[in-house]
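Chain by chain, the residues run as shown.
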Amino acid sequence: MTAQVAELLKRTRSRHGVLGLGGSPLGNFARPMTDDEAAVTMRRAWDSGIRYFDTAPHYGLGLSERRIGAELRRRPRDEFVLSTKVGRLIVPNPRPRERDDDGFAVPGDLTRQWDFSAAGVERSLRESLERLGLESVDILYLHDPDQAWDGATGEGLAALARLKADGVVKAIGIGTNSTTGLAGVIEDGLVDVIMLANRYSLLDHTALDSVLAPAHRFGVAVVAVGVFATGLLSTARPAPGSTYEYRAPDADVIGRAERIATVCEDHGVELPAAALAFPLLHPAVSAIAVGMRSPDEVDENLRRFETDIPAGLWSDLIAEGLIPAAAVHTHHP
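A quick note: this is a predicted structure, and the numbers were derived from the prediction, not measured. (Residues numbered from 1 in each chain as written. Predicted model: local features only at pLDDT ≥ 70, side-chain atom pairs only at ≥ 80, totals over all residues. Heavy atoms only, no water.)

**Student:** How should the overall build of the protein chain be read in this particular structure?
**Tutor:** On a plain count of helices and strands, the protein chain comes out with 12 helices and 10 strands. Principal-axis analysis of the C-alpha atoms gives the protein chain an extent of 55 × 40 × 40 Å. When each of the 333 residues of the protein chain is scored for burial, the buried share is 56%. Working note: accessible area of the protein chain is about 13,700 Å², and carbon and sulfur atoms make up 49% of it. (Helix = DSSP H or I, 4+ residues; strand = E, 2+ residues; numbered from the N terminus. Buried < 20%, exposed > 50% of the residue type's maximum accessible area, 1.4 Å probe, protein only. Areas by Shrake-Rupley, 256 points an atom, 1.4 Å probe, with all protein chains shown as cover.)

**Student:** In this structure, what is going on with the side chain of Arg88? I would like to understand it.
**Tutor:** Its place among the elements puts Arg88 in strand β4 (residues 88-97). The exposure class of Arg88 is buried, given its relative accessible area of 9%. Separated by 3.2 Å, the side chains of Arg88 and His143 make a polar contact. If we ignore the near neighbours within four places in the chain, the residues touching Arg88 are Pro57, His58, Arg112, Gln113, Trp114, Ser124, His143 and Asp144. (Polar contact = N/O pair within 3.5 Å; in protein donor to acceptor, adjacent residues only side chain to side chain. Contact = heavy atoms within 4.5 Å.)

**Student:** Looking at this structure, I do not really get the pattern of salt bridges. What am I missing?
**Tutor:** One side chain can pair with another of opposite charge once the charged atoms of both are near each other. Using the criterion set out here, one finds 28 salt bridges in the structure. Close ionic contact of Asp102 with Arg112 constitutes a salt bridge, the shortest N to O distance being 3.9 Å. Of this pair, Asp102 sits in the loop between β4 and β5 (108-114) while Arg112 sits in strand β5, placing them 10 residues apart in sequence. Here Asp102 falls in the partly exposed class, since its relative accessible area comes to 36%. Accessibility expressed as a relative area gives 15% for Arg112, which makes it buried. We note a salt bridge from Glu127 to Arg123, for which the minimum N-O separation is 2.8 Å. Here Arg123 and Glu127 lie together in helix α4 (residues 118-132), a separation of 4 residues that amounts to about one turn. Given a relative accessible area of 29%, Arg123 falls into the partly exposed group. Beyond isolated ion pairs, a larger network of salt bridges with shared partners links Arg11, Arg77, Asp138 and Lys170. (Salt bridge = Lys/Arg side-chain N within 4 Å of Asp/Glu carboxyl O.)

**Student:** What is the right way to look at the side chain of Asp144 in this model?
**Tutor:** Along the chain, Asp144 falls in the loop between β6 (139-143) and α5 (149-165). Since its relative accessible area comes to 11%, Asp144 is described here as buried. A polar side-chain atom of Asp144 sits 2.8 Å from a polar atom in the side chain of Arg88. What Asp144 contacts, discounting residues up to four positions off in sequence, is Arg88, Trp114, Phe116, Gly175, Thr176 and Asn177.

**Student:** Help me understand the environment of Leu232, please; the structure alone is not making it clear to me.
**Tutor:** Note on placement: Leu232 falls in the loop between β9 (221-225) and α8 (251-266). Separated by 192 residues in sequence, Leu232 and Val40 have C-alpha atoms that sit 26 Å apart. Sequence-distant contacts of Leu232, that is, excluding residues within four places in its chain, are made with Leu203, Pro238, Ser242, Thr243, Tyr244, Pro249, Val253, Ala257 and Leu271.

**Student:** In this structure, what is going on with the packing of helix α2 (residues 35-47) against helix α3 (residues 63-72)? I would like to understand it.
**Tutor:** The description of two helices packed together rests on the angle between their axes and the distance between the axes. Where α2 meets α3, the closest approach of the two axes is 10 Å, and the angle between their N-to-C directions is 50°. One element, α2, and the other, α3, form an angle in the oblique class. Along this stretch, α2 crosses α3, giving a crossing that reads as right-handed. In this structure, α2 contributes Asp35, Ala38, Ala39, Met42, Arg43 and Trp46 to the contact, and α3 contributes Leu63, Arg67, Ile68, Glu71 and Leu72. Counted by class, the contact of α2 with α3 contains 7 nonpolar, no polar and 4 charged residues. (Axes fitted to C-alpha atoms, helices over the stretch in contact; angles between N-to-C directions. Parallel < 35°, antiparallel > 145°, perpendicular 65-115°, else oblique. Left-handed = near helix turned anticlockwise from the far one by under 90°. Nonpolar A, V, L, I, M, F, W, Y, C, P; charged D, E, K, R; others polar.)

**Student:** Just checking my understanding: could you explain the packing of aromatic side chains for this structure?
**Tutor:** For the coordinates displayed, the defined rule picks out 8 aromatic pairs. On the numbers, 5.3 Å between centres and 65° between planes, the contact of Phe29 with Phe104 is edge-to-face. Note that Phe29 is positioned in the loop between β1 (19-22) and α2 and Phe104 in the loop between β4 and β5, a separation of 75 residues in sequence. The partly exposed category is assigned to Phe29, whose relative accessible area is 29%. In this structure Phe104 comes out as buried when scored by relative accessible area, which is 4%. Relative to Phe80, the ring of Trp46 has its centre 6.2 Å away and its plane inclined at 75°; by these criteria the two rings are edge-to-face. (Phe/Tyr/Trp six-rings, centres within 6.5 Å; stacked < 30°, edge-to-face > 60°.)

**Student:** Please clarify how the pairing of β6 should be interpreted in this entry.
**Tutor:** Both faces of the sheet carry side chains from a regular strand, because those side chains alternate between them. Counted residue by residue, β6 has 5 buried out of 5 residues, so it is predominantly covered. Across the two faces of β6 the burial is the same, with Ile139, Tyr141 and His143 and Leu140 and Leu142 all buried. Relative to β6, strand β3 (residues 81-86) runs parallel, the two sharing 4 bridges. Its bridge partner being in β6, Val86 is matched across the sheet by Leu142. On the question of chirality, the crossover connecting β6 to the parallel strand β7 (residues 171-176) by way of α5 is right-handed. (Pairing = 2+ DSSP bridges. Right-handed = clockwise from strand over helix to strand, strands pointing away.)

**Student:** I keep staring at unusual backbone geometry and nothing clicks. Help me out?
**Tutor:** Leave glycine aside and you will find that most residues have negative phi; peptide bonds, for their part, are mostly trans. Phi angles above zero are rare outside glycine, and Asp144 is one such case at about 55°. Although it is not a glycine, Tyr246 sits at a positive phi angle of roughly 65°. Taking relative accessible area as the criterion, Tyr246 reaches 52% and is therefore assigned exposed.

Structural data, given as structure tokens:
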């Protein structure tokens with residue numbers, strides 16, 4: 001990975017690697033939480049040793065940034081790593097509605113406006129810092145640039161590069177659900193880090209060759225998010241009503257998750273613990289981040305993250321055709 005990212009992650013690493021707190025739930029994704037609930041969740045994460053926090057203007061129309069900033073302002077700035085994103089400006093909604101219509105349980109008096117221009121990038125960061133109440137973030141991502149790829153990876157990435165050159169941020173990257181075009185950006189040396197959602201998990205290996213292989217070759221870090229496959233892998237066995245890709249899973253996906261869960265049980269390992277460990281087997285993956293909405297979820301995720309996974313579990317998953325051999329064989333001892 002780049003020297004900038006390696007240096008940052010020194011602050012956040014434990015024996016099992018880097019586990020970050022994803023800020024989407026703190027923006028009231030899917031259901032509301034109170035400011036007090038957000039605060040105690042952040043405090044539990046900090047007290048438990050989590051030092052990487054990720055957020056975005058998109059998460060609750062700025063609510064996640066405000067809540068995360070309220071807690072991190074109380075902490076020594078050199079003891080944590082913070083990332084946020086640009087690409088969506090938060091602006092007054094010309095047609096206010098009672099509730100946001102993009103998945104967050106917040107009022108709909110504001111809305112998102114796509115803007116990957118240089119002016120938009122700079123304005124987005126400035127407004128994020130105001131919401132956070134901080135003077136800087138460490139990593140700045142273009143958020144979902146596949147929505148306007150040419151402009152985002154042209155003017156948008158150039159703007160990020162200038163911010164990095166000026167010392168405003170330490171590392172730059174792309175945060176996305178899509179693997180399209182990432183190999184070229186990586187090979188051209190335009191980013192330090194990719195935050196990849198839902199494309200590298202026990203159930204989805206899409207990114208193995210298209211993103212992780214070039215990232216490892218060119219020294220670009222990958223932060224894997226969505227490792228629970230939006231819910232299906234978050235319980236010991238797939239639970240009724242669980243989602244996959246934010247919707248009801250089909251029978252094939254449920255069947256594969258059940259088979260993986262059975263192999264995990266054979267080795268005395270919970271399925272969610274294996275889901276957390278799997279991405280970090282690849283040397284390109286430098287960290288994972290997981291959304292957490294309560295102290296109990298913080299405790300549970302840390303317990304799972306600190307589980308020692310026997311090598312035989314991965315061998316059996318390969319033998320069953322459930323994960324590719326390359327996902328494990330590329331692991332650094």
